[in-house]
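Survey of secondary and tertiary structure
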Amino acid sequence: GRVGGFGSLVLEALNDLGLSTDRVCRIGHPPRWMYHDSRGGQLRDAGLDANGVAEQVAAFLDGLAQRAADVRVEAQLDRFVEQR
């Protein structure tokens, strides 16, 4: 997971406002030691270069789509059971 940073501030503010945080994707520096490298190398190692961010966002959106599909299936099953 990610600790601190701007994403945590956004989650805290949404929570304070009573808003859902289910659709917030936090992308940030991993909580581990980063070895000396070029800026690009460190960003790549942390998954924060363009490809890493794109992969993280795609995985997050895939997860949202799967949860939405699961909810639709559950709703359909509930309606089917109610009709019986």
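Residues numbered from 1 in each chain as written. Predicted model: local features only at pLDDT ≥ 70, side-chain atom pairs only at ≥ 80, totals over all residues. Heavy atoms only, no water.

Observations regarding the overall build of the chain
Counting its secondary structure elements, the chain contains three helices and zero strands. Secondary structure of the chain in N-to-C order comes out as α-α-α. At 18 Å, the chain has a C-alpha radius of gyration far larger than the 12 Å of a compact globule built from 84 residues. Reported as C-alpha extents along the three principal axes, the dimensions of the chain are approximately 65 × 30 × 20 Å. By the burial criterion, 11% of the 84 residues in the chain qualify as buried. Relative to all contacts within the chain whose residues are 6 or more apart in sequence, the contacts with residues 24 or more apart total 42%. Summed over all atoms, the accessible surface of the chain reaches about 6800 Å², with 56% contributed by carbon and sulfur. Taking the average place of the 10 positive charges on the side chains of the chain and the average place of its 12 negative ones, the gap between the two points comes to 2 Å. (Helix = DSSP H or I, 4+ residues; strand = E, 2+ residues; numbered from the N terminus. Rg over C-alpha atoms; globule rule 2.2 N^0.38 Å. Buried < 20%, exposed > 50% of the residue type's maximum accessible area, 1.4 Å probe, protein only. Contact = heavy atoms within 4.5 Å. Areas by Shrake-Rupley, 256 points an atom, 1.4 Å probe, with all protein chains shown as cover. Lys, Arg positive; Asp, Glu negative; His and termini not counted. Charge placed at Lys NZ, Arg CZ, Asp CG, Glu CD.)

Observations regarding the confidence of the model for the chain
Close inspection of predicted coordinates is inappropriate in any region flagged by low pLDDT. Per-residue pLDDT for the chain has a mean of 87; in total, 98% of the residues score no lower than 70. Averaged over each element, pLDDT in the chain is lowest for helix α3 (residues 50–83) (85) and highest for helix α2 (residues 39–46) (94). (pLDDT = per-residue confidence, 0-100.)

A look at a negative patch on the surface
A cluster of like negative charges, contributed by D70, E74, D78 and E82, occupies part of the molecular surface. In this fold, D78 is placed in helix α3. For D78, a relative accessible area of 47% translates into the label partly exposed. (Patch = residues over 30% accessible without salt bridge, like charges linked within 9 Å, V, L, I, M, F, W, Y side chains within 5 Å. Salt bridge = Lys/Arg side-chain N within 4 Å of Asp/Glu carboxyl O.)

Side note on the pattern of salt bridges
Within the structure shown, the criterion is met by one salt bridge. In this structure, R32 engages D45 in a salt bridge whose closest nitrogen and oxygen atoms are separated by 3.4 Å. Taken together, the residues R32 in the loop between α1 (5–16) and α2 and D45 in helix α2 connect sequence positions 13 residues apart.

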